[in-house]
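So the chains spell out like this:
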Amino acid sequence: MLKGFRGRIFYFDINADVFHLEKGYHYFEDGLLLVKDGKVLKAGSYDKLSVEVTQKYECIEFGNSFIFPGFIDAHVHSVQTKSIASYGNQLLQWLQTYIFPNEKKFDNTEYAREHTRFFFQQLLKNGTTTAVIYPAIFDASVEAVFETARMLNMRIISGKTWMDRNAPDYLIEKPEKSLKSVSGQIEKWHRKGRAHYAITPRYAITSSPDSLKVAASLLRTYEGLYIQTHISENMQEVAMVNHSYNDHKGYLDVYDSYGLLTPYTLLGHGIYLSSGELNRIAQAGASIVHCPTSNLFLGSGLFDFHKTIEHGVKIAVGSDVGGGTSFSMLSNLHDAYKISALKNNLNFENSSFNTFATMNALEAFYFITLGGARALHLENKIGSFLQGNEADFVVIDPSKNQLLSYRLDGADTVEEMLFAILMLGNEQVVKATYLMGEEAYPFKV
Ligand SMILES: [Zn+2]
């Protein structure tokens, strides 16, 4: 079954180089995306492809709307939607006050299903087609994530978020218990359909050495697992980790020494990492997930994206809701841009001022499409319109936002248009979201 989608098509070439993105993208003002059996058959200019393709197909016309590869949210909590926009305080106090009590409710299957469905709807209405998800410690919260993703046929990476200390009793369990339940979940869900399992010890403060050993043993037992956790998000957190793991060289070394640093490791935040730590992450082939709206909301700090890529580390972007304030990856990019601009100015004091260090529009879109896919090692499945990739895409209609539409009128370059979209766009401009060539948003019921 062949389908065509016509609109302004933008995506990065599979060979794009993060340092030369201006040479690594495709843009078709009047473009056509051809999808066969849920996969990309071809993307190109409408005039050219309509002559080339003789087979009949239904063509869905999107006019002046943009068609992008679906956005990738590489760090988001499915159990924190109710905690979004909860006033005040720094990370550790905020977790205790708002996050932990809300996560407790996901012990109940019915509650977990209902609220996880709402969470996925938020992803889709914001154009997110792949998400890396932290549920809670409860089986019900994990099952709800994998079941919902399977129902939607959506690509996800997720796994039970476990803790064994420094959290309320109702959210911790002994590592042996986690080992048993996680093993069961891996066997049930890992590499089934579009799902991957991620070993998810929440972070070093809530993980004892025994718990990290269990995480490592799971990595050795099962093939192709991801591992996700938080690192160097907040200064108080870093100080606590240095105190409780004082026989280690630093925060990264805690995970590294237990064998948790692999090419499939996704490290959330990474604001206060040293050059040595960044080098080690690059060497391991692991990735950092930058969470801009969360870092500003919780006052955690200013991530240095430029320094990070200069060290050869791959970056993806995460909304980190409920610390993050928006499911929209566009909103997250506009905060990422502002953070990079601030960081650029602050770096002036350290005499490393670099006028190219402020994130540009191509870099921003790269991080939520192809760059995100590369960080997840999924670039041969998602993130671009490479032939054979899964046809996950988002349709952005600027006319849904009068100011954006006004701004784009007369814009000269692709970069100018993309920048305006990321600065002014949000869920309002998402016209449709497709998973494997099927419309997943607007919702049918
Ligand atoms: Zn998080």
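Given the structure is predicted, the values throughout are model-derived calculations rather than measurements. (Residues numbered from 1 in each chain as written. Predicted model: local features only at pLDDT ≥ 70, side-chain atom pairs only at ≥ 80, totals over all residues. Heavy atoms only, no water.)

For the rest of this paragraph, the subject is the sheet that holds strand 2 (residues 25-36). Across the sheet, which stays open at both edges, the 7 strands sit in the order 3-2-1-4-14-15-16 with mixed pairing between neighbours. Bordering the open sheet on either side are strand 3 (39-45) and strand 16 (438-441), each of which pairs with just one other strand. Shown here is a sheet whose adjacent strand axes are inclined to one another by a mean of 40°, direction ignored. Bridge analysis of strand 14 (residues 393-396) against strand 15 (residues 430-435) gives 4 bridges, and the strand direction is antiparallel. Each bridged residue has a counterpart across the sheet, and for Phe393 the counterpart in strand 15 is Tyr434. The sheet strands contacting helix 13 (residues 361-368) are strand 1 (2-12), strand 2 and strand 4 (58-69), and the helix crosses strand 1 at an angle near 130°. (Pairing = 2+ DSSP bridges. Helix = DSSP H or I, 4+ residues; strand = E, 2+ residues; numbered from the N terminus. Axes fitted to C-alpha atoms, helices over the stretch in contact; angles between N-to-C directions. Contact = heavy atoms within 4.5 Å.)

Take the environment of Asn279 next. Position of Asn279 among the secondary structure elements: in helix 9 (residues 275-284). As for Asn279 and Val238, which are separated by 41 residues in sequence, their C-alpha atoms are 19 Å apart.

With that settled, the discussion passes to helix 4 (residues 139-152). With 14 residues, helix 4 should cover 20 Å at 1.5 Å per step; its first-to-last C-alpha distance of 20 Å lies within 8% of that length. Turning to helix 4, its buried residues are Ala140, Ser141, Val142, Glu143, Ala144, Val145, Phe146, Thr148 and Ala149. If you follow the buried residues of helix 4, they end up packed against helix 3 (109-125), strand 6 (128-134), strand 7 (155-158), helix 5 (175-189) and strand 9 (195-201). Once helix 4 finishes, Asn153 follows within two positions and takes phi at roughly 60°, a positive value. (Expected span 1.5 Å × (residues − 1). Buried < 20%, exposed > 50% of the residue type's maximum accessible area, 1.4 Å probe, protein only.)

All of the protein donors around the zinc ion are His75 (NE2), His77 (NE2), His230 (NE2) and Asp320 (OD); their distances to the metal are 2.1 to 2.4 Å. With a relative accessible area of 4%, Asp320 lands in the buried category. (Donors = N, O, S within 2.8 Å, 3.2 Å for Na, K, Ca; no water.)

At their nearest, the axes of helix 4 and helix 5 sit 12 Å apart, and the two run at 10° to each other. When the interaxial angle is binned, helix 4 and helix 5 end up roughly parallel. Note on element contacts: helix 5 touches helix 4 through Ser181, Gln185, Lys188 and Trp189, opposite Asp139, Val142, Glu143, Phe146, Glu147 and Arg150. Split by residue class, the contact of helix 4 with helix 5 holds 3 nonpolar, 2 polar and 5 charged. (Parallel < 35°, antiparallel > 145°, perpendicular 65-115°, else oblique. Nonpolar A, V, L, I, M, F, W, Y, C, P; charged D, E, K, R; others polar.)

For the rest of this paragraph, the subject is the pairing of strand 4. A regular strand places its side chains so that they alternate between the two faces of the sheet. Looking at chain direction, strand 1 and strand 4 are connected through 6 bridges and run parallel. Directly across from Ile9, in strand 4, lies its bridge partner Ile67. Looking at chain direction, strand 4 and strand 14 are connected through 4 bridges and run antiparallel. Across the sheet, the residue bridging to Phe68 is Val394, located in strand 14.

Quick look at the packing of aromatic side chains now. If you walk through the whole model with that rule in mind, you get 25 aromatic pairs. A ring pair is formed by Phe119 and Phe120, whose centres lie 5.4 Å apart and whose planes are at 85°; its orientation type is edge-to-face. Each member of the pair, Phe119 as well as Phe120, carries the same accessibility label: buried. Relative to Trp189, the ring of Phe146 has its centre 5.3 Å away and its plane inclined at 10°; by these criteria the two rings are stacked. Here Phe146, found in helix 4, pairs with Trp189, found in helix 5; they are 43 residues apart in sequence, far enough to count as distant. The class of Phe146 is buried, set by a relative accessible area of 1%. (Phe/Tyr/Trp six-rings, centres within 6.5 Å; stacked < 30°, edge-to-face > 60°.)

This paragraph deals with the domain arrangement of the chain. Along its sequence, the chain is carved into domain 1 (2-70 + 384-441) and domain 2 (71-375). Domain 1 and domain 2 are separated by 28 Å when their C-alpha centres are compared. Between domain 1 and domain 2, the residue contacts involve 37 residues of the former and 35 residues of the latter. When domain 1 packs against domain 2, the two sides together hide about 2,900 Å² of surface, and 71% of this comes from carbon and sulfur. Inspection of the domain 1/domain 2 interface yields 9 residue pairs in polar contact (both at pLDDT 80 or more). Taken together, the elements giving at least two residues each to the side of domain 1 that touches domain 2 come down to strand 1, strand 4, strand 14, helix 16 (414-424), strand 15 and strand 16. (Domains from an automatic or database assignment. Buried area = accessible area lost by both parts, 1.4 Å probe. Polar contact = N/O pair within 3.5 Å; in protein donor to acceptor, adjacent residues only side chain to side chain.)

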